[in-house]
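A closer look at the structure
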Amino acid sequence: RRRGGALPGVEFVDGDFENRLSLQRVLRGIDRAFLVTNSSERVETQQLGFVREAREAGLRHIVYLSQLHAAKDSPVRFLRYHAVVEEAIAASGMAYTILRPNLFMQGLLTFRSSILSEDRFFAPMEQARVSVVDVRDIAAVAALALTQTGYEGKTYDLTGPEALAQADIAGQLTRELGRRILFTDIPEAAMRQTLLSWRMPEWQVEGLIEDYAHYRRGEAADLSTAIQDVTGAPPRSFAEFARDYRRAFSP
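These figures come from a predicted structure and were not determined experimentally. Residue numbers restart at each chain and count upward from 1, following the sequence in its written direction. A pLDDT threshold of at least 70 governs which residues receive local features in this predicted model, and a stricter bar of 80 or more applies before side-chain atom pairs are shown or counted, although totals over entire chains, interfaces and linings include all residues. Only hydrogens and water are set aside; all other atoms, that is, all heavy atoms of the structure, feed into the side-chain values.

Further remarks concern the pattern of salt bridges. When their charged atoms lie close together, side chains carrying opposite charge are able to pair. Between Lys or Arg on one side and Asp or Glu on the other, a salt bridge is scored when a side-chain nitrogen of the former is within 4 Å of a carboxyl oxygen of the latter. Under the counting rule described, the total for this entry stands at 18 salt bridges. Here Arg77 makes a salt bridge to Glu210, at a shortest N to O gap of 2.8 Å. A residue pair is termed long-range when its members are at least 10 positions apart, and Arg77 in helix H3 (residues 77-91) and Glu210 in helix H8 (residues 202-216) qualify at 133 residues. Each residue is assigned to one of three classes by its accessible area relative to the maximum for its type, calculated with a 1.4 Å probe on protein chains only: buried under 20%, partly exposed between the two thresholds, exposed over 50%. A residue is classified by how much of its surface remains accessible, and Arg77, at 19% relative accessible area, is buried. Measuring nitrogen to oxygen at the nearest pair gives 2.7 Å for the salt bridge that ties Glu86 to Arg100. Here Arg100 lies in strand S5 (residues 95-101) and Glu86 lies in helix H3, a separation of 14 residues in the sequence. Only DSSP runs of H or I covering at least 4 residues are called helices, and only runs of E covering at least 2 are called strands; the numbering of each starts at the N terminus.

Each aromatic pair joins two rings of Phe, Tyr and Trp (for Trp, the six-membered one) with centres within 6.5 Å, and gets the label stacked for planes under 30 degrees apart, edge-to-face for over 60, and tilted for any other angle. One pass over the structure, following the stated rule, counts 11 aromatic pairs. With a centroid separation of 6.3 Å and 75° between ring planes, the pair formed by Tyr212 and Tyr215 is classed as edge-to-face. Note that Tyr212 and Tyr215 are positioned in helix H8 at a spacing of three residues, about one turn of the helix. Note on Tyr215: relative accessible area 4%, which makes it buried. Pairwise contacts between aromatic rings join Phe238, Phe241, Tyr245 and Phe249 into one cluster.

Of the two site types, the cavity is a set of points on a 1 Å grid over the protein atoms alone where a 1.4 Å probe fits but cannot get out, and the pocket is an open set with protein on both sides within 12 Å along at least five of seven lines, each lined by residues with an atom within 4 Å of a point. Grid points are joined across faces, edges and corners, and a volume is the space filled by probe spheres set on the points. Applying the stated criterion across every chain yields a total of one cavity of 30 Å³ or more. The space that makes up the largest cavity amounts to roughly 30 Å³. Around the largest cavity, the lining residues are Gln67, Leu68, His69, Asn102, Leu103, His214, Tyr215 and Ala220. Amino acid classes used here: Ala, Val, Leu, Ile, Met, Phe, Trp, Tyr, Cys and Pro are nonpolar; Asp, Glu, Lys and Arg are charged; the rest, including Gly, are polar. Considering only residue class, the lining of the largest cavity consists of four nonpolar, four polar and no charged.

Side chains Ala33 and Leu35 project from strand S3 (residues 32-35) onto a buried face, and the interleaved Arg32 and Phe34 project onto a face without burial. A pair of strands is labelled paired if DSSP reports no fewer than 2 bridges between them. Two strands pair when backbone bridges link them, and S3 and strand S4 (residues 61-65) are joined in this way by four bridges, in the parallel orientation. Residue pairing for S4: Ala33 is matched across the bridge by Ile62. Handedness of a crossover: with both strands directed away from the viewer, a clockwise path from the first strand across the helix to the second marks it as right-handed. For the crossover that starts at S3, traverses helix H2 (residues 43-57) and ends in the parallel S4, the hand is right-handed.

Right, let's get into the pairing of S4. Looking along a regular strand, one sees the side chains alternate between the two faces of the sheet. Summarising burial for S4: five of the five residues are buried, a large majority. Residues His61, Val63 and Leu65 point to one face of S4 and Ile62 and Tyr64 to the other, with burial holding for every one of them. The pairing of S4 with S5 spans five bridges and is parallel. For Val63, the partnering residue across the bridge sits in S5 and is Thr97.

Put into structure tokens, the structure is as follows:
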């Protein structure tokens, strides 16, 4: 279903990843696409279906949002399905660009309520360091890959400029917000129950628990220069994120 939108020169089209005919309508006349979906137990099937329909529709270039360290033998379900989809895209014959970002800085907004009410956030992270990345930098790389040439057949690991422990993040929030913010390390079981109490689907909950174990093993501390290499600007630091999102974490 095609409809008008609030952005001048932009046409909005409704599609459904579970409906093949819907995808065919969406892809009609499209040369390039950015593939990202909600994370669910259906995500691998949905994304593979999109790749098939895109190939049949004659799509020339697909930009795919994967995840750092995607691998088919990973113990993390998110990393496994991303690797399967990456492989299908590479075998499709379409030009492609794979973006593999690390943990999003904006993910901290999930804990906005506890930061506002208790001045703390929590996770089973111990002292793990993670090179968290701002989604605005990911978007900048994706926009260039979608609108310019020279990015075909390439895979980019996207990270922030430093690997931070959660205590470091709490300290930077403290400095920016002017009040003491604490990080509390909690057991996996407590995190699982908290996520389930938020009505998060069980498949997603178990995937996040696997992700946290991945971080604790020190597997997400890598640093990459890809954001600066592609955009010409350094990746945003967490301090910049905290400054820009200060109002979100302030009463």
